[in-house]
Amino acid sequence: MDVRQRNRVIAGIFTAVAIGMVGMSFAAIPLYRMFCAATGYAGTPKIGPQAAPGGNGKTIRVRFNADTNPGLPWNFAPDKLEITVPLGEDHLASYTAHNNARSPITGVALYNVTPDKAAKYFHKTACFCFNQQTLNGGQTMDFPLSFWVDPAIGTDPATQDVHEVTLSYTFFRTLEDAEKTGALAKAGPHVGAATKTN
């Protein structure tokens, strides 16, 4: 192999490595979110079509939290601050948002569950997260969600002391705004949309 051929091979290797590194940087956030959703890591609720197994007679308190990024002129709040739910049964909850601006504004919501160790037992079966939501000036919209809490939360030694979980949503103008705050890396993926305009 002469010097020119060797240089071409080395250049090809470096080009392939550079392309691979760029590809991995774009895949890092989606792969991290998939890992979090599958394991419940970093307070990410498990997401998927798995059906609620049915109750075992025990209950848990679920608190609802709502935040709005300062760049979004909306009021956003849960319809109820907390509910006590039987483990293993489907439940519905709802949040409400109001656009304080005179013109249409689009936002996108992310969510998380605390304490982190309980997240893998919190199953969301439909929600409004990760979908762009547009509210006209002065418009109010309801955002329902459905979820269930796995009865195994009470038998896992790591979570036997958990009697309350908090589901938090934060609305941002864009996913890029969420990424700047670090919230995007900790958020779980979207399952299904269900919105109702008032």
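Model, not experiment: these values are computed from the prediction. (Residues numbered from 1 in each chain as written. Predicted model: local features only at pLDDT ≥ 70, side-chain atom pairs only at ≥ 80, totals over all residues. Heavy atoms only, no water.)

Asks: Teacher, can you tell me more about the nonpolar core here?
Replies: Across soluble globular proteins, nonpolar side chains have a tendency to be buried as a group. Counting 42 residues, the largest nonpolar core has Val62, Tyr95, Phe147 and Tyr169 as its most contacted members. Of all the secondary structure elements, the ones that give two or more residues to this core are β2 (59-68), β3 (74-78), β4 (82-86), β5 (91-99), β6 (105-114), β9 (140-149) and β10 (164-172). Counting residues per element, this core draws most heavily on β6, at six residues. (Core = buried A, V, L, I, M, F, W, Y, C linked by side-chain atoms within 4.5 Å. Buried < 20%, exposed > 50% of the residue type's maximum accessible area, 1.4 Å probe, protein only. Helix = DSSP H or I, 4+ residues; strand = E, 2+ residues; numbered from the N terminus.)

Asks: For this particular structure, what's the right way to read the pairing of β2?
Replies: Taken residue by residue, a regular strand's side chains alternate between the two faces of the sheet. For β2 and β4, the ladder comprises five bridges, and the chain directions are antiparallel. Within the sheet, the bridge partner assigned to valine 62 lies in β4 and is isoleucine 83. Pairing of β2 with β10 involves eight bridges; the strand directions are parallel. Paired with phenylalanine 64 across the bridge in β10 is leucine 167. (Pairing = 2+ DSSP bridges.)

Asks: Any chance you could explain a nonpolar patch on the surface here in plain terms?
Replies: A cluster of nonpolar side chains, Val9, Ile13 and Val17, forms an exposed patch at the surface whose accessible area comes to about 250 Å². Position of valine 9 among the secondary structure elements: in helix α1 (residues 3-39). Here valine 9 falls in the partly exposed class, since its relative accessible area comes to 42%. (Patch = residues over 30% accessible without salt bridge, like charges linked within 9 Å, V, L, I, M, F, W, Y side chains within 5 Å. Areas by Shrake-Rupley, 256 points an atom, 1.4 Å probe, with all protein chains shown as cover. Salt bridge = Lys/Arg side-chain N within 4 Å of Asp/Glu carboxyl O.)

Asks: For this particular structure, what's the right way to read the state of the cysteines?
Replies: When the sulfur atoms of two cysteines share a covalent bond, that bond is a disulfide. Enumeration over the complete set of coordinates arrives at one disulfide. Between the sulfur of cysteine 127 and that of cysteine 129 lies a disulfide, 2.3 Å long from S to S. Cysteine 129 sits in the buried class, given a relative accessible area of 0%. (Disulfide = S-S within 2.5 Å.)

Asks: Explain the environment of glycine 138 here, please?
Replies: Along the chain, glycine 138 falls in the loop between β8 (133-135) and β9. Along the backbone, glycine 138 and histidine 98 are 40 residues apart, and their C-alpha atoms lie at a distance of 6.6 Å. Look past the residues within four positions of glycine 138 in its chain and what remains in contact with it is His98, Asn99 and Ala101. (Contact = heavy atoms within 4.5 Å.)

Asks: Got a minute to help me understand the sheet that holds β10 in this structure?
Replies: Pairing between the strands of a sheet comes from backbone hydrogen bonds, and it takes one of two forms, parallel or antiparallel. With respect to topology, five strands assemble into an open sheet ordered β4-β2-β10-β6-β8, the strand pairing being mixed. A single partner strand is all that each edge strand has here, and the edge strands are β4 and β8. Averaged over all neighbouring strand pairs, the angle between strand axes comes to 30°, with direction disregarded. As defined by bridge partners, β6 adjoins β8 across three bridges and the pair is classed as antiparallel. (Axes fitted to C-alpha atoms, helices over the stretch in contact; angles between N-to-C directions.)

Asks: How should I be thinking about the packing of aromatic side chains in this particular structure?
Replies: This structure, assessed with the given rule, holds 14 aromatic pairs. With a centroid separation of 6.1 Å and 10° between ring planes, the pair formed by phenylalanine 128 and phenylalanine 171 is classed as stacked. Pair noted here: phenylalanine 128 is in the loop between β7 (122-126) and β8 and phenylalanine 171 is in strand β10, with a separation of 43 residues, a long-range link. As far as the burial class goes, phenylalanine 128 and phenylalanine 171 line up, both buried. Three or more aromatic residues joined by ring pairs form one cluster here, namely Phe64, Trp74, Phe76, Tyr95, Tyr111, Phe122, Phe128, Phe143, Phe147, Tyr169 and Phe171. Residue placement shows lysine 124 over the ring face of tyrosine 111; its charged tip is 4.4 Å from the ring centre. (Phe/Tyr/Trp six-rings, centres within 6.5 Å; stacked < 30°, edge-to-face > 60°. Lys NZ or Arg CZ within 6 Å of the ring centre and 35° of its normal.)

Asks: Hey, could you run me through the pattern of salt bridges in this one?
Replies: Pairing is possible between side chains of opposite charge, provided their charged atoms come close. In the structure shown here, the tally under the stated rule is six salt bridges. For glutamate 82, the salt bridge is made with arginine 61, and the minimal N-O distance between the two is 3.8 Å. Taken as a pair, glutamate 82 in strand β4 and arginine 61 in strand β2 lie far apart in primary sequence, 21 residues in all. Owing to a relative accessible area of 33%, arginine 61 belongs among the partly exposed residues under this scheme.

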